[in-house]
Amino acid sequence: MAKKGRIVESTGQWYEVSYDDNDGMQTINCRLPGRFRLKDHDLTNPVAVGDYVQFEMNDDGTGSIEEIEDRKNYLIRKSTHYDTGAQILAANIDCAFAVQSIRKPKLKQGFLDRFLVTCEAYQISAQIIINKMDLAKENDKEYADFITDLYESLGYPVLKTSIKDEESLDSLKNELNNRTSVFVGPSGVGKTSLLNQIDPNIDRKVGDVSTYNEKGVHTTTFAKLLKLTHGGYLMDTPGIREFGLVNIEPWELSLFFPEMLEPRKQCKFNNCTHSHEPGCGVMQAFEDGHIDPDRYDSYLKILDSLDED
Ligand SMILES: Nc1nc2c(ncn2[C@@H]2O[C@H](COP(=O)(O)OP(=O)(O)OP(=O)(O)O)[C@@H](O)[C@H]2O)c(=O)[nH]1
Ligand SMILES: [Mg+2]
Ligand SMILES: [Zn+2]
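Residues numbered from 1 in each chain as written. Chains lettered and ligands numbered in written order. Predicted model: local features only at pLDDT ≥ 70, side-chain atom pairs only at ≥ 80, totals over all residues. Heavy atoms only, no water.

Examining the packing of aromatic side chains
- Going through the model one piece at a time under the given rule, you end up with nine aromatic pairs.
- Where tyrosine 74 meets tyrosine 122, the ring centres are 5.5 Å apart and the plane angle is 55°; that geometry is what we call tilted. Of this pair, tyrosine 74 sits in strand β6 (residues 74-78) while tyrosine 122 sits in the loop between α2 (109-121) and β9 (126-131), and the two are 48 residues apart along the sequence.
- Taking 5.4 Å as the distance between ring centres and 85° as the angle between the ring planes, the aromatic pair formed by phenylalanine 257 and tyrosine 299 counts as edge-to-face. One end of the pair, phenylalanine 257, is in the loop between β13 (233-236) and α6 (281-287); the other, tyrosine 299, is in helix α7 (residues 293-307), with 42 residues separating them in the sequence.
- Taking relative accessible area as the criterion, phenylalanine 257 reaches 0% and is therefore assigned buried.
- The class of tyrosine 299 is buried, set by a relative accessible area of 0%.
- A network of ring pairs unites the aromatic residues Phe257, Phe286, Tyr296 and Tyr299 as a single cluster.
- Between the NZ or CZ atom of arginine 6 and the centre of the ring of tyrosine 233, over which it lies, the distance is 6.0 Å. (Phe/Tyr/Trp six-rings, centres within 6.5 Å; stacked < 30°, edge-to-face > 60°. Helix = DSSP H or I, 4+ residues; strand = E, 2+ residues; numbered from the N terminus. Buried < 20%, exposed > 50% of the residue type's maximum accessible area, 1.4 Å probe, protein only. Lys NZ or Arg CZ within 6 Å of the ring centre and 35° of its normal.)

See below:
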């Protein structure tokens, strides 16, 4: 008889599935029959970490995935600019955290904006973490405050953290309680370090201090869904440099910028892309100072990148 479980790690070859064995939680290594791979050509991974699956147990102690249950939601991205395939980073999540550091490496607002657009488009609740605040100089602190005010005004909670600051870790712990969350961000920002700090029972490998300098070096190689001692699940993912958008049309992009929702109603043309058209409500709102220049700049850059597809 098939059992129900949840994918906690995937190496491409094997899928680690956690399931309830009546005596408690167990894990089993499962394979995925080839027929699943053929189903969705555009996806580089037909099964994602966080997926609920039905599996059969084999005599040799491994399992075989029989069915993938419908996803409540998922976080998806194009791996690189030129890549046609899309990768599901995480499935069935309650909250996605964009993790950035204030220094080493520097916070990238473009990454945040692309990530947030995807969360809006795929209906995932999103938050922002600015880590390594212990490294912040005075102007970095001002910048972190600016980013916090800006994104909180748009409806995205922002947490400033440091692995050396207990209070900030407690606030983070509270946010992670009793739900499934995922950490997404560039390599070296401290995703795994934060996870290790908030749960003493977790001890995952973290990067050397200099790791962030070496382009392409990732300490975490596979995403893993971890059960937190104080309740909840947290997915640690490998660092990503770019957050490529999937299946978003130019005409709908402004729907995923909360500050553009009202102004876009004033546009003269209903297929307005808010980039050059006369009578544009969004451009007017920008000129009147109601839309942050960096956010509008991100909007234009993303719009440009969508046109290239
Ligand atoms: N000063 C300072 N260093 C930190 C902080 N958080 C993490 N680091 C350091 O940053 C480096 C990278 O940390 P990791 O946790 O491996 O980063 P990651 O985001 O998991 O990186 P990938 O797994 O490659 O995606 C390590 O040397 C950590 O010790 C922090 O709050 N302050
Ligand atoms: Mg890591
Ligand atoms: Zn417009």
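Points about the site of ligand 1
- Not every one of the 24 residues close to ligand 1 is listed here, only the nearest: Asp134, Ser187, Ser193, Gly207 and Thr220.
- A distance of 3.0 Å separates an oxygen atom of ligand 1 from a polar atom in the backbone of glycine 190.
- In the model, an oxygen atom of ligand 1 is placed 2.5 Å from a nitrogen or oxygen of the serine 193 side chain.
- At three residues, helix α5 (residues 191-198) tops the list of elements feeding residues into the shell around ligand 1.
- Classifying every residue of the shell around ligand 1 by side-chain character gives seven nonpolar, twelve polar and five charged. (Near = heavy atom within 4 Å. Polar contact = N/O pair within 3.5 Å; in protein donor to acceptor, adjacent residues only side chain to side chain. Nonpolar A, V, L, I, M, F, W, Y, C, P; charged D, E, K, R; others polar.)

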